[in-house]
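Commentary on secondary and tertiary structure
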There are 2 protein chains.
Amino acid sequence: MEAPVTVAVLSGGVGAARLLRGVQQVVAPEAIAAIVNTGDDVILHGLHISPDIDTIIYTLADAVNPETGWGLAGETWQAMSMVERYGGVSWFNLGDRDLGTHLYRTHRLGEGATLTEVTGEIARAWGLGVNIVPMSDDRVQTRVTVPDDGEIGFQEYFVERRHGVPVSAVRFAGAEAAALSPAAASSLATADVVIVAPSNPLVSIAPLLAVPGLRDAVVARRATTVAVSPIVGGKAIKGPAEELLRGLGHEASAVGVATMYRDIASVLVIDQVDAEYAADIEAIGMRCIVTDTIMSSPGVSASLARHCLDAVSA
Amino acid sequence: MEAPVTVAVLSGGVGAARLLRGVQQVVAPEAIAAIVNTGDDVILHGLHISPDIDTIIYTLADAVNPETGWGLAGETWQAMSMVERYGGVSWFNLGDRDLGTHLYRTHRLGEGATLTEVTGEIARAWGLGVNIVPMSDDRVQTRVTVPDDGEIGFQEYFVERRHGVPVSAVRFAGAEAAALSPAAASSLATADVVIVAPSNPLVSIAPLLAVPGLRDAVVARRATTVAVSPIVGGKAIKGPAEELLRGLGHEASAVGVATMYRDIASVLVIDQVDAEYAADIEAIGMRCIVTDTIMSSPGVSASLARHCLDAVSA
C-alpha cells in the first residue's frame, strides 16, 4: 500500500495477532485498530484475564511465546506451582510475568478505569503503536453447551477440557446489553478498510458481531470489508473451529466460511490449497482471492495483509 | 513442659511467628492455636492478602525468607516487575510464589469459603500441625491517621510510607461488627495457657482485642495468660512499635507494655536488658519474668516458650 489507509481488524487471538503483525508492516501502526473479542475474558483467582487482548499485545511486542502463540516467551511458573501445592484451580496456567498484566488490569478496573483505557495503557507500555480496542467495556461471556456439564464458560471448554468435547450451542451472555466501545465504533465508522481476521467464526468473530451495532456497522460497509478464511483444507490452523463448525451445522470449509461472512464482507481471502473452492465462493456472492494464508513467518503475514488491503482499497 | 497442655497465642506477624516456632518445640503442634491479627489484611490487585497469617505459616514451614522474616525464601519477582513496567502499584512487593498463596486464597473466598477454612487449607498444604486461626472471618481494617493524608490503610502506612510518618490515631474499621471466629473462641475457652506474643501492642494485638468477645475471654482467664514484651531496651525488635507507642501517648518501655496488658495477662515476660523494670512491673500488678526474649535462633524461641508456659501452668 502506498496510499495512507486506516484499518480496523475484527480480531480473536492467535490468528488475528499474526495477521496484525503483517498489517503493521504495511500500514502505519497508529492507523490500525484491532477490535478484539472479549467474550473469552475470564475472572479467575479474582483476576480479570483478557486472553485475546494479551495474545495480540504480546505478539505485536515480539514478546509472545513462539511455541504456543500465546503467553510470554521466557515465562516462569512459580505462582501456579504454589496454587498446585494448595490443590487450587490450575487448569488455566498463568505465567508469572503474564500474572503481572492481570494484576495491573484488575487493579485499574477496580479503580474505575474502563477496559479500553487499561488495554491502551498496557499496549503503550509494550511500545505498541497499534490501537488495541476491546469490543466492549461491558462484560460479555461466551458460554458453550457441552454433554454432561450443560452450559459452561468458554475457558472451561477451551482450556480445561482442551476443546475435546462436542458443543451443541454457543451464546454470548451479556452481549445484548453490552455497548460497543466508543473507540471500536469510531474505528468502524472511519477506517478505510475492515479486515475480518482468520479467527474462529463461531467463538471469536461471532461475539464481536453480537455486540449491538457492530454487525450493522460492518454490513453497512461491506464493500470495503474483507475476511480471511480461518479454515484451510477443511481444517482450522489452530483451535477447534473445524469441530465447532461441524457440530453446529456449518460446513467446515472455505465455502462454509463464505456462507457465514457473505453479508458482512465483500471479499474472502482463502488459501491456495482451497483454490478449487474459489468459483463456489464467487457464486455465493463474495469476491475470492487465493493466496498463502498460513502465517508461518512475518513475511507471509505482511503479504497476506497486503492482499487484504489491495482487495478492497479504492 | 512435661504435662500435655493446649496453648492459644494471640499473634501478629514476625515476632509471633518466631515465638510460635518455639512453642511448637515444647508443645505438640496440634495443641497450639495461633489466633492471628487480620487487621493488616489488604485487597490489592483484586487479591486478598493476609500478611500476618502468611508470615506465620511460612515461618512454621521453614520456608520464610530468613533475611526479612516475612515472604518466602528463594522468591522470584517476575510478576511485580511487569506491574512496574505498566506503572502500576508496586509498593507492596509480592513475590511470584507468594502470589500463588494469594491467588488460592482469593479464589476460595470467592467460592464462599471462610478465611478460617482457607487458612487451614493453606497451613495443611505446608504440612503444619499448628492451627492457624484468623481472629475473625469478617473484614476488619486497621486504619491510621497520619499528617497530610488523613486516615489511610495500615499497609499504606507500614509498607508504602515505611512507617516513617507519625501516627495520631489508630482504629479498627469493622471490628465492632465482626464476629470472633468460632475456632478462636473455642481455643480461648479451652486452652490451658494463653500467650500474648511479642507483637506490636497497638496495631497487632489491639485489633485482636477489638473483636467483640476476645478481650473479655482473655480478661476472664487472666491468671493463665502471659504476655511477652515486644519492647526491649526501649525499642521494638522490629517495626514501628516504639514510635507508635510514644506518638499515641504510651511509654515505650516494658513498663508501658505492662500498663497496657495488666488487665488481660497476669505475667509479663521481659528481656534481661530490662531487668531493672521488674519491680515497677510487679508494682503495676503483673508478675514479671526476666529472660532472653530476642529470638535470634530456634533455641531461644523454645526457651522463651518454655518460660511462658511454666509461668502460668498449674
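This structure is a prediction, so every number in the text was calculated from the model and none was measured.

Attention now goes to the relation of the copies chain A and chain B. Superposing chain A onto chain B takes a rotation of 180° plus a shift of 0.0 Å along the axis, which leaves an RMSD of 0.0 Å. The relationship between the two copies is best expressed as a two-fold rotation axis. Interface overlap between copies: 100% of the residues of chain A at the interface are likewise at the interface in chain B, consistent with a symmetric, same-surface contact.

All names here are of chain B. In spatial order, the strands read S5-S2-S1-S9-S10-S13-S14; together these seven strands make up an open sheet with parallel pairing. On the outer flanks of this sheet lie strand S5 (131-134) and strand S14 (287-291), each paired with one strand and no other. This sheet shows a mean twist of 25° between the axes of neighbouring strands, independent of strand direction. Across the sheet, helix H1 (residues 14-26) is in contact with strand S1 (7-11), strand S2 (32-36) and strand S10 (225-228); its angle to S1 comes to roughly 165°.

What follows concerns the confidence of the model for chain A. Here chain A shows a mean pLDDT of 95. Residues at 70 or above account for 98%. If you check the scores for this complex, the pTM reads 0.93 and the ipTM reads 0.91.

Nonpolar side chains tend to gather and get buried jointly when the protein is soluble and globular. With 214 residues, the main nonpolar core has A:Val9, A:Ala34, A:Leu268, B:Val9, B:Ala34 and B:Leu268 as its most contacted residues. Setting aside residues no more than four positions away along its own chain, A:Val9 makes contact with A:Ala16, A:Leu19, A:Leu20, A:Val23, A:Ile32, A:Ala34, A:Ile35, A:Ile195 and A:Ala197.

Attention now moves to the interface of chain A and chain B. At the junction of the two partners, chain A supplies 28 residues and chain B supplies 28 residues. Mapped onto the side of chain A that touches chain B, the elements with two or more residues apiece are helix H3 (78-85), helix H4 (96-110) and helix H5 (115-125) of chain A. When residues in the side of chain A that touches chain B are grouped by element, the largest group, 10 residues, is from H4(A). Its residues assigned to classes, the side of chain A that touches chain B shows 12 nonpolar, 12 polar and four charged.

Further remarks concern the sheet that holds strand S6 (residues 141-146) of chain A. Residues and elements named next belong to chain A. Spatially, three strands are ordered S7-S6-S8 in an open sheet, and the strand pairing comes out antiparallel. Across the chains shown, the open sheet's two edge strands, defined by having one partner strand only, are strand S7 (150-153) and strand S8 (169-173). Adjacent strand axes in the sheet meet at a mean angle of 30° when their direction is disregarded. Examined bridge by bridge, S6 and S7 share four bridges and lie antiparallel to one another. The residue of S7 that forms the bridge with Val144 is Ile152. Here helix H8 (residues 201-210) sits on the sheet and contacts S6 and S8; the angle it forms with S8, its principal contact strand, is near 40°.

Before going further, it helps to spend a moment on the packing of H1(B) against helix H2 (residues 51-60) of chain B. All names here are of chain B. Axis separation between H1 and H2 bottoms out at 9 Å; the angle between their running directions is 35°. Crossing hand, H1 versus H2: right-handed. On H2, the residues that touch Val14, Ala16, Ala17, Arg18, Leu20, Arg21 and Gln24 of H1 are Thr55, Ile56, Thr59 and Leu60. The residue makeup of the contact of H1 with H2, split by class, is six nonpolar, three polar and two charged.

A few words on the pairing of S8(A). Residue and element names in this part refer to chain A. Because side chains alternate across S8, one face comprises the buried residues Val170 and Phe172, and the other comprises Ala169, Arg171 and Ala173, none of which is buried. Here five bridges tie S6 to S8, and the two strands are oriented antiparallel to one another. If you follow Arg143 over to S8, its bridge partner there is Arg171.

Conventions used here
- Residues numbered from 1 in each chain as written.
- Chains lettered and ligands numbered in written order.
- Predicted model: local features only at pLDDT ≥ 70, side-chain atom pairs only at ≥ 80, totals over all residues.
- Least-squares fit on C-alpha atoms with pLDDT ≥ 70 in both.
- Contact = placed C-beta atoms within 7 Å.
- Pairing = 2+ DSSP bridges.
- Helix = DSSP H or I, 4+ residues; strand = E, 2+ residues; numbered from the N terminus.
- Axes fitted to C-alpha atoms, helices over the stretch in contact; angles between N-to-C directions.
- pLDDT = per-residue confidence, 0-100.
- Core = buried A, V, L, I, M, F, W, Y, C linked by C-beta atoms within 7 Å.
- Buried ≥ 20, exposed ≤ 12 C-beta atoms within 10 Å, placed from the backbone.
- Nonpolar A, V, L, I, M, F, W, Y, C, P; charged D, E, K, R; others polar.
- Left-handed = near helix turned anticlockwise from the far one by under 90°.

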